[in-house]
Amino acid sequence: MKSYTLGIAEAFCSTDPNGCDTYRANAGAYADKLEVLEKEIRATINAIPQESRTVITNHDAFGYFAHTYGVKFLAPNGISTESEASAADVAKLIDQIRADGAAAVFVENVSDPRLIEQIASETGMKIGGRLFSDALSAPDGPAGTYINMMRHNSETIASATRGS
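Values in this document were obtained by computation on a predicted structure and should not be read as measured data.

**Quick notes on the overall build of the chain**
The helix and strand tally for the chain stands at six helices and four strands. Going from the N terminus to the C terminus, the chain shows its helices and strands as α-α-β-α-β-α-β-α-β-α. C-alpha extents for the chain along the principal axes are approximately 60 × 35 × 30 Å. Across the chain, the fraction of contacts at a sequence separation of at least 24, relative to all contacts at a separation of at least 6, is 55%. Summed over all atoms, the accessible surface of the chain reaches about 9000 Å², with 52% contributed by carbon and sulfur. Placing the 14 positive and 21 negative side-chain charges of the chain at their respective mean positions leaves the two points 6 Å apart.

What follows is the structure in structure tokens.
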């Protein structure tokens, strides 16, 4: 996100050179906030025992989070929220959960929760909360900005996986 922020500021500078100092200053200030956020998320996730860093979500939208922070996400659906898991896919995931374990299961803000509720029921897991993936919440909600969304997701994952 930091790279995008700085790139957007430079794009604005190329079309509006008179405002460039303001764009760069605003981008720099936001980049500083992103640096603080990065440290917060790392500390939050690093407090989760390694063996508790496997979680279930509805669709595979958290690859960036998995890669950056070392949380393994299992999902019955692919990347698209429009795809639907087959009964065999769900059964395979449930078998994997039972064999390998998972610390928590989460619903997502953009997906129908019924499949995740079924998986939670069949595995005896409790739903650990709602994660935001492809859309923010209302401005006054828990994920009204990118920073609040990332903070909410990391804290929700940590809260649900502690002690699992």
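Having seen the model, we can carry on.
**Some remarks on the sheet that holds strand β3 (residues 104-108)**
The four strands lie next to each other as β2-β1-β3-β4, forming an open sheet whose pairing is parallel. With partners counted over all chains shown, the strands left at the sheet margins are β2 (72-74) and β4 (127-131), one partner each. The average undirected angle you get between the axes of adjacent strands in this sheet is 35°. Sheet strands touched by helix α5 (residues 114-123): β1 (54-56), β3 and β4. Its angle to β3, the strand with the most contacts, is close to 165°. The strands touched by helix α6 (residues 146-161) within the sheet are β1, β2, β3 and β4, with β4 carrying the most contacts at an inclination of about 175°.

**Concerning the packing of aromatic side chains**
The geometry of an aromatic ring pair is captured by two quantities: the separation of the ring centres and the angle between the planes. All told, the structure shown has six aromatic pairs when counted by the stated rule. Here the aromatic rings of Y64 and F65 are separated by 6.2 Å at their centres, their planes lie at 80°, and the arrangement is edge-to-face. For F65, a relative accessible area of 1% gives the class buried. Three or more aromatic residues link up through ring pairs in this structure, and these residues are F62, Y64, F65, Y69 and F73.

**Here we look at helix α1 (residues 2-15)**
In this model, α1 (14 residues) spans 21 Å end to end at C-alpha, consistent with the 20 Å of a helix rising 1.5 Å per residue. Along α1, the residues that are buried comprise T5, A9 and C13. End-on, the buried residues of α1 take up no more than an arc of 80°, which puts them together on one face. Among the exposed residues of α1, those pointing more than 90 degrees away from its buried face are S3, Y4, S14 and T15. Looking at the buried positions of α1, the neighbouring elements they touch are α2 (20-46).

**Some details on a nonpolar patch on the surface**
A cluster of nonpolar side chains, namely M1, Y4, I8 and F12, defines an oily patch on the protein surface of about 440 Å² accessible area. Counting through the fold element by element, M1 comes out in the segment before α1.

**What to know about the packing of α2 against α6**
The contact between α2 and α6 brings their axes to 10 Å, and the two run at 5°. Taken as axis vectors, α2 and α6 run roughly parallel relative to one another. The segment α2 lies against α6, with Y30, K33, L34, L37, E40, I41, T44 and I45 engaging Y146, I147, M150, R151, S154, E155, I157 and A158. Residue composition of the contact of α2 with α6, by class: ten nonpolar, two polar and four charged.

**Points about the environment of S111**
Residue position: S111 is located in the loop between β3 and α5. As for S111 and H59, which are separated by 52 residues in sequence, their C-alpha atoms are 8.0 Å apart. In terms of polar contacts, S111 uses its side chain to reach the side chain of N58, at 3.5 Å.

**A look at the state of the cysteines**
Using the criterion set out here, one finds one disulfide in the structure. A sulfur-sulfur separation of 2.1 Å characterises the disulfide bridge that pairs C13 with C20. Taking the sign of the S-S torsion, 95° for the link of C13 and C20, the bridge is right-handed. The class for C13 is buried, based on a relative accessible area of 7%.

Analysis parameters
- Residues numbered from 1 in each chain as written.
- Predicted model: local features only at pLDDT ≥ 70, side-chain atom pairs only at ≥ 80, totals over all residues.
- Heavy atoms only, no water.
- Helix = DSSP H or I, 4+ residues; strand = E, 2+ residues; numbered from the N terminus.
- Contact = heavy atoms within 4.5 Å.
- Areas by Shrake-Rupley, 256 points an atom, 1.4 Å probe, with all protein chains shown as cover.
- Lys, Arg positive; Asp, Glu negative; His and termini not counted.
- Charge placed at Lys NZ, Arg CZ, Asp CG, Glu CD.
- Pairing = 2+ DSSP bridges.
- Axes fitted to C-alpha atoms, helices over the stretch in contact; angles between N-to-C directions.
- Phe/Tyr/Trp six-rings, centres within 6.5 Å; stacked < 30°, edge-to-face > 60°.
- Buried < 20%, exposed > 50% of the residue type's maximum accessible area, 1.4 Å probe, protein only.
- Expected span 1.5 Å × (residues − 1).
- Arc of directions from axis to C-beta.
- Patch = residues over 30% accessible without salt bridge, like charges linked within 9 Å, V, L, I, M, F, W, Y side chains within 5 Å.
- Salt bridge = Lys/Arg side-chain N within 4 Å of Asp/Glu carboxyl O.
- Parallel < 35°, antiparallel > 145°, perpendicular 65-115°, else oblique.
- Nonpolar A, V, L, I, M, F, W, Y, C, P; charged D, E, K, R; others polar.
- Polar contact = N/O pair within 3.5 Å; in protein donor to acceptor, adjacent residues only side chain to side chain.
- Disulfide = S-S within 2.5 Å.

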